[in-house]
Amino acid sequence: MNNTSVEKIVVIGAGYVGLVTGTCLAERGFSVTIVENNPNKIKALLNGEVPFYEPGLNILLETNIKNKRLSFINNIPEAMKSNPQVVFSCVGTPPLSDGSADLSYVWQVAVEIGKNINQYCLVINKSTVPVGTGQKVKKIIETQLKERNATIQFDVASNPEFLKEGDALNDFLNPDRIVIGVENKKAEELLHKIYAVFITKEDQFLVMNIPSAELTKYASNSMLATRISFMNELAQLAEQVGADINQVKIGMAKDRRIGPYFLNAGIGYGGSCFPKDVKALIATGLDYAQPMTIIQSVEDVNNTQRMLFAQNILNHFGNSISQKHLGIWGLAFKPETDDLRCAPSIDIVKILLEHGTKVTVYDPVASENFRMLFKDQVNYAQTSQEILNTCDALIILTEWKEFLKYKPSDFIKLKEATVFDGRNCFDPTEMFYSGVKYFCIGRNSITKSLENITLSTTQGLSEVLKR
Ligand code: NAD
Ligand code: UGA
């Protein structure tokens, strides 16, 4: 490896990935400029404010702005004037209506780089992009250089990001692995110099070709989504056969080859990534006449899971659903984020509203984002307790830590002492003995067998009394 250090880094896009990448690189000593073209976001960032909820990010951002390692700018041409050695592209790749990834932001970035590059630069794609995108980015930059009659060396690389929202800083600062897709040693060395401060073992740094790195990202998210859908489908069977999905999970997880992660049954995965990346992998399969049948089923099970949960609520209340006041705990697609993208809460609340139900919602951080979507169609509680004090029944959609502190006896306050738990936060046996009607995922056979025992004991007693 040669010894020239990486002095200037440009990161394009101040979303979850760009802002975390830029801030963490600055935290580790690099001089970073983040480019963001959304005027509202750039305004907040220039004031040192994080435009979304991500634990710890505001503190790290403030520190690195103060020590002048981190700065913000609103356009790529200006950022390229500083002649950065590396540019990380972290723009969004949302789904198009056919499920494939919308790469328009990625292409725009490539055009702007091609128009404004002045000296050698490594262009690193960190967004989640289909196989072949790296090659197309290279062609776009080459075309722009030709139009300028300029001969400037550059390389492209793929460096997919694996951070998860809510724990993004920890994931970035202490990664399980760094995957890089490169075409030559120079690009590999530059990336190694950047990531040397993040890795503790050399086998964390995985070097491959660009298509393999691009596919590794989709494969990883799809594998995690597959585990979730597998457990959700199994949870439906568990209900039928009298099994408890949590016990099944424990039994499986003790096998070290399987492990305990991403095996929680619930109302399915949401968020900005699993739903879109699963769809995009299916679309790539179709492009190559290679149907992704497993991953198509993963998507189908996930879509069904939240609908089945909503249907159980409708079935329980029957025609009286329009007279009910139901409370919702948790709106974000998972705890520790205010992100509502593909959150099950959106579909479930829509269904309840369509049936004329009065709905009051509570989330520790996502209520304001929810208000932007649902306005005054629902009521907003200030505390989780307020829901228990005012509603007929409770629906749990996100397993925030705050909710887990409640005791089963606390739910008796609900007018109908009824809880629909989409995240299996409580113990069905304890709920039963506290007098709460509790409906969860893949564990309802526990409640049914307790009801049967109680029924047969009561029947037995009345037989004895009759005699
Ligand atoms: P995001 O939509 O939150 O952020 C993208 C940002 O890029 C936006 O702020 C947008 O205004 C900005 N932008 C777009 N075009 C620009 C341009 N030409 N110049 C400057 N700024 C521009 O997206 P995100 O959640 O950060 O995701 C980015 C990519 O990373 C996606 O491909 C996603 O799949 C992937 N990813 C996301 C996560 C996650 O947890 N959110 C994790 C891993 C990978
Ligand atoms: C996910 C991946 O975990 C990250 O590695 C990846 O970088 C990121 O997508 C991405 O590509 O953007 P994230 O979407 O932030 O991260 O959230 P996860 O913690 O993975 O949860 C995703 C969804 O799965 C949530 O709705 C969660 O409730 C659900 N989930 C998770 C389950 O239903 N069961 C589980 O056992 C685990």
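About the cut-offs
- Numbering of residues begins from 1 in every chain and follows the order in which that chain's sequence is written.
- Chains and ligands are labelled by the order in which they are written, letters from A for the one and numbers from 1 for the other.
- It should be noted that, the model being predicted, local features are given only for residues of pLDDT at least 70 and side-chain atom pairs only at 80 or more, the latter also being counted only at that level, while totals for whole chains, interfaces and linings use all residues.
- Side-chain metrics rest on all non-hydrogen atoms present in the structure, leaving aside hydrogens and water.
- Working definition: helices are DSSP H or I runs of at least four residues, strands are E runs of at least two. Numbering for both runs from the N terminus.
- Think of it in three bands: residues with accessible area under 20% of the maximum for their type are buried, residues over 50% are exposed, and the middle band is partly exposed, with areas taken using a 1.4 Å probe on protein chains only.
- Whether two residues touch is decided by their heavy atoms; if any such pair falls within 4.5 Å, the residues are in contact.
- Two residue types count as positive, namely Lys and Arg, and two as negative, namely Asp and Glu; His and chain ends fall outside the count.
- By convention, the point assigned to a charge is CZ for Arg, NZ for Lys, CD for Glu and CG for Asp.
- Only buried residues count toward a nonpolar core. Its members are Ala, Val, Leu, Ile, Met, Phe, Trp, Tyr and Cys residues joined through side-chain atoms within 4.5 Å.
- We define proximity as follows: a residue is near a molecule or strand when any one of its heavy atoms falls within 4 Å of that partner.
- Any pair of N or O atoms that falls within 3.5 Å is considered a polar contact. Within protein, one atom must be able to donate a hydrogen and the other to accept it, and sequence-neighbouring residues count only if both atoms are side-chain atoms.
- Per-residue and other accessible areas follow the Shrake-Rupley method at a 1.4 Å probe size, with only the shown protein chains counted as cover for residues.
- Polarity classes work like this: nonpolar for Ala, Val, Leu, Ile, Met, Phe, Trp, Tyr, Cys and Pro, charged for Asp, Glu, Lys and Arg, and polar for all others, with Gly in that last group.
- Points on a 1 Å grid, built from protein atoms alone, make a cavity when a 1.4 Å probe fits but cannot get out and make a pocket when they are open with protein on both sides within 12 Å along at least 5 of 7 lines; residues with an atom within 4 Å of a point are the lining residues.
- Grid points are joined across faces, edges and corners, and a volume is the space filled by probe spheres set on the points.
- We define a salt bridge as a contact between a side-chain nitrogen of Lys or Arg and a carboxyl oxygen of Asp or Glu at a distance within 4 Å.
- Helix span is expected to be 1.5 Å times the residue number reduced by one.
- Arc definition: directions from the helix axis to the C-beta atoms.
- Following DSSP output, two strands are said to pair if at least two bridges run between them.
- Comment: axis = line fitted to C-alpha atoms, over the contacting stretch for helices; angle = value between 0 and 180 degrees taken between N-to-C directions.

## A few points about the overall build of the protein
Moving on, step 1. Looking only at helices and strands, one finds 18 helices and 14 strands in the protein.
Moving on, step 2. For the C-alpha atoms alone, the extent of the protein along its principal axes is close to 100 × 45 × 40 Å.
Moving on, step 3. A burial count over the protein gives 53% of its 467 residues as buried.
Moving on, step 4. In the protein, of all internal contacts separated by at least 6 residues, the share reaching a separation of at least 24 is 71%.
Moving on, step 5. Once the 48 positive and 51 negative side-chain charges of the protein are each reduced to a mean point, those two points are 2 Å apart.

## Some remarks on the nonpolar core
Moving on, step 1. Counting 59 residues, the largest nonpolar core has Trp 329, Phe 370 and Phe 411 as its most contacted members.
Moving on, step 2. With sequence-adjacent residues up to four places away left out, Trp 329 is seen in contact with Tyr 362, Ser 384, Ile 387, Leu 388, Leu 394, Ile 395, Ile 396, Leu 397, Thr 398, Phe 403, Tyr 406 and Phe 411.
Moving on, step 3. Residues Ile 180, Ala 187, Ile 194 and Phe 198 belong to the second largest nonpolar core, which totals 45 residues.

## Details of the site of ligand 2
Moving on, step 1. In the vicinity of ligand 2 lie 19 residues, with Phe 162, Leu 163, Lys 217, Asn 221 and Cys 273 positioned nearest.
Moving on, step 2. Interatomic distance of 2.9 Å between a backbone N/O atom of Asn 264 and an oxygen atom of ligand 2.
Moving on, step 3. Within the complex, the protein chains bury 90% of what would otherwise be the 710 Å² of accessible surface of ligand 2.
Moving on, step 4. For the shell around ligand 2, the secondary structure elements donating two or more residues are helix H9 (210–241) and helix H11 (274–287).
Moving on, step 5. The element contributing the most residues to the shell around ligand 2 is H9, with 3 residues.

## Thoughts on the site of ligand 1
Moving on, step 1. Taken together, 28 residues lie near ligand 1, and Glu 36, Lys 41, Thr 93, Thr 128 and Lys 276 sit nearest.
Moving on, step 2. The contact in question runs from an oxygen atom of ligand 1 to an N or O atom on the side chain of Thr 93, over 2.5 Å.
Moving on, step 3. A distance of 3.1 Å separates a nitrogen atom of ligand 1 from a polar atom in the side chain of Glu 165.
Moving on, step 4. Within the complex, the protein chains bury 90% of what would otherwise be the 830 Å² of accessible surface of ligand 1.
Moving on, step 5. For the shell around ligand 1, the secondary structure elements donating two or more residues are helix H1 (16–27) and helix H5 (104–116).
Moving on, step 6. Looking at the shell around ligand 1, its residues break down into 12 nonpolar, 9 polar and 7 charged.

## Concerning empty space enclosed by the protein
Moving on, step 1. Evaluation of the coordinates by the stated rule reveals 2 cavities of 30 Å³ or more.
Moving on, step 2. Reported here for the largest cavity is a volume of approximately 80 Å³.
Moving on, step 3. Every residue lining the largest cavity is counted, 13 residues in all, and those nearest its centre are Ser 89, Val 106, Val 123, Asn 125 and Val 137.
Moving on, step 4. For the lining of the largest cavity, the elements supplying multiple residues, two or more each, are H5, strand S5 (121–125), helix H6 (133–148) and strand S6 (154–158).
Moving on, step 5. When residues of the lining of the largest cavity are assigned to their parent elements, the largest contribution, 4 residues, is made by H5.
Moving on, step 6. If you add up the space inside the second largest cavity, you get close to 40 Å³.

## Focus: the pattern of salt bridges
Moving on, step 1. In this structure the tally under the stated criterion is 17 salt bridges.
Moving on, step 2. Lys 185 is the salt-bridge partner of Glu 188, the closest N and O atoms lying 3.3 Å from each other. With a gap of 3 residues between them, Glu 188 and Lys 185 both fall in helix H8 (residues 185–195), about one helical turn apart.
Moving on, step 3. A salt bridge links Arg 306 to Asp 347; the nearest nitrogen and oxygen atoms lie 2.8 Å apart. Residue Arg 306 is found in helix H12 (residues 293–317), and its partner Asp 347 is found in helix H13 (residues 344–354); the two are separated by 41 residues along the sequence.

## Description of H6
In an α-helix, one turn spans 3.6 residues; hence positions three or four apart end up facing the same way.
Moving on, step 1. Given a rise of 1.5 Å per residue, 16 residues ought to cover 22 Å, and the 23 Å separating the end C-alpha atoms of H6 matches this to within 8%.
Moving on, step 2. Among the residues making up H6, those that are buried are Thr 133, Gly 134, Val 137, Ile 141, Gln 144 and Leu 145. Buried positions in H6, seen along its axis, are confined to an arc of 115 degrees and lie on one side of it. Residues Lys 139, Lys 146 and Glu 147 are exposed on H6 and point more than 90 degrees away from its buried face.
Moving on, step 3. At the exit of H6 stands Asn 149, carrying a positive phi of roughly 60 degrees.

## Things to note about helix H14 (residues 367–374)
Moving on, step 1. Listed in full, the buried residues belonging to H14 are Ser 367, Phe 370 and Phe 374. The arc enclosing the buried residues of H14, seen along the axis, measures out at 55 degrees, which places them on a common side.
Moving on, step 2. Packing partners of the buried residues in H14 comprise H13, strand S10 (358–362) and strand S11 (379–380).
Moving on, step 3. Downstream of H14 by a residue or two, Lys 375 has a phi angle that is positive, lying close to 45 degrees.

## Thoughts on the pairing of S5
Moving on, step 1. Within S5, 5 of the 5 residues are buried, which leaves it mostly tucked inside the rest of the structure.
Moving on, step 2. What you see with S5 is no split at all: Cys 121, Val 123 and Asn 125 on one side and Leu 122 and Ile 124 on the other are buried throughout.
Moving on, step 3. Alignment of strand S4 (residues 86–89) against S5, held across 4 bridges, turns out to be parallel. Considered in S5, the bridge of Ser 89 is made with Asn 125.

## Here we look at the sheet that holds strand S14 (residues 437–439)
Moving on, step 1. The strand order across the open sheet formed by 6 strands is S11-S10-S9-S12-S13-S14, and the pairing between neighbours is parallel. Among the strands making up the open sheet, the edge pair consists of S11 and S14.
Moving on, step 2. As paired strands, strand S13 (residues 418–421) and S14 are joined by 3 bridges and run parallel to one another. Following the sheet pairing, Phe 420 is matched in S14 by Phe 439.
Moving on, step 3. Together, strand S9 (325–329), strand S12 (393–396), S13 and S14 form the strand contacts of H12, whose direction differs from that of S13 by roughly 160 degrees.
Moving on, step 4. Those strands touched by H13 are S9, S10 and S12, and its axis lies near 175 degrees from that of S9.

Interpretation in functional terms is not warranted from these geometric data alone.
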